[in-house]
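Residues per chain, in single letters:
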Amino acid sequence: MIKLISVLIFIFSVLIFGACSRKITPTKTTVEAKENSDKNYTVVLSSRYGKETYEAKCGNCHNLNKPSNYTFTEWNPIMDRMAKKADLDYLQKQNVLGYLKDNAKAEK
Ligand code: HEC
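Q: I'm lost on the confidence of the model for the chain in this one. Help?
A: Residues shown with low pLDDT carry predicted positions that ought not to be read at fine detail. Mean pLDDT over the chain stands at 77; residues scoring 70 or higher make up 61%. Least confident of the elements in the chain is strand β2 (residues 41-46), whose mean pLDDT is 44; most confident is helix α3 (residues 72-85), at 96. Note that pLDDT drops below 50 for residues 41-47; the model gives that stretch 25 contacts with residues more than four away or on any other chain.

Q: So what exactly am I meant to see when it comes to the site of the ligand here?
A: Close contacts around the ligand come from 15 residues, with Cys58, Cys61, His62, Arg81 and Met82 the closest. Contact distances for the ligand include 2.5 Å between an oxygen atom and a side-chain N or O atom of Arg81. Taken together, the elements giving at least two residues each to the shell around the ligand come down to α2 (49-57) and α3. In terms of residues, the shell around the ligand owes the most to one element, α3, which gives six residues. Its residues placed into classes, the shell around the ligand shows 10 nonpolar, two polar and three charged.

Q: Explain the coordination of the iron atom of the ligand here, please?
A: Any two of four tetrahedral donors ideally make an angle of 109.5 degrees at the metal, while pairs among six octahedral donors ideally make 90 or 180 degrees. Each protein donor to the iron atom of the ligand is listed here as His62 (NE2) and Met82 (SD); together their distances run 1.9 to 2.3 Å. Of note is the iron atom of the ligand, whose six donor atoms meet at the metal with angles of 86 to 179 degrees in an arrangement that counts as octahedral. You can see His62 sitting in the loop between α2 and α3 and its partner Met82 sitting in helix α3, a full 20 residues away along the chain. Look at His62 and you get partly exposed, because its relative accessible area is 37%. In this structure Met82 comes out as partly exposed when scored by relative accessible area, which is 21%.

Conventions adopted
- Residue numbering note: each chain is counted from 1, following its sequence as written.
- Per-residue local features of the predicted model are confined to residues with pLDDT of at least 70, and side-chain atom pairs are confined, for both listing and counting, to 80 or more; whole-chain, interface and lining totals are unaffected and use all residues.
- With hydrogens and water set aside, each side-chain value is computed from the structure's full complement of heavy atoms.
- Known as pLDDT, the predictor's per-residue confidence is scaled from 0 to 100.
- The secondary structure listing takes helices from DSSP runs of H or I that are at least 4 residues long and strands from runs of E that are at least 2 residues long, numbered from the N terminus.
- Only heavy atoms enter the contact rule, under which two residues are in contact if any of them lie within 4.5 Å.
- Residues are classed as near a molecule or strand on a simple rule: at least one heavy atom within 4 Å of it.
- N or O atoms closer than or at 3.5 Å make up a polar contact, with two conditions inside protein: a donor-capable atom paired with an acceptor-capable one, and, for residues adjacent in sequence, both atoms drawn from side chains.
- Residue classes follow a fixed rule: Ala, Val, Leu, Ile, Met, Phe, Trp, Tyr, Cys and Pro count as nonpolar, while Asp, Glu, Lys and Arg count as charged, and any other residue, Gly among them, counts as polar.
- Distances decide who is a donor: an N, O or S atom must be within 2.8 Å of the metal, or within 3.2 Å for Na, K and Ca. Water is not included, so sites may look incomplete.
- Think of it this way: with four donors and all angles in the 85 to 135 degree range, the site is tetrahedral; with four or six donors, opposite ones beyond 155 degrees and the rest between 65 and 115, it is square planar or octahedral; otherwise it is irregular.
- The rule is simple: take the accessible area with a 1.4 Å probe, protein chains only, and divide by the maximum for that residue type; under 20% is buried, over 50% is exposed, in between is partly exposed.

Below, the structure is given as structure tokens:
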């Protein structure tokens, strides 16, 4: 029980810290809590999460666009429209933006 509580506190502090540091630049790091067979919780920090989400959600209606097709400035309004279409939650959208930011075309 103590272990579970400390893991939950850890997750919350990561989330709170994340929320403060994430106001301007989207980050590609997220927290997933997974229940394993022992009913303990493992925290998985995955920098690939944005890419995974992008590849899983953004190629369903049309071909997957290359992140380098657009600059990050161009991606922002596109993502505002497409995140709704792809039904992304806040974290998923931030993670995809982080992935796109790292791989977008250079700004003109
Ligand atoms: C429910 C279907 C659907 C999903 C899911 C979807 N798109 Fe689209 N997307 C469209 C349609 C329809 C268009 C073209 C018409 C429009 O712009 O609304 C489009 C157009 C685009 C374009 C072309 C540029 C532009 O301004 O129109 C890009 C880039 C794009 N989508 C990226 C994405 C990304 C990134 C995701 C994942 C977050 C995504 N799409 C998920 C339906 C979808």
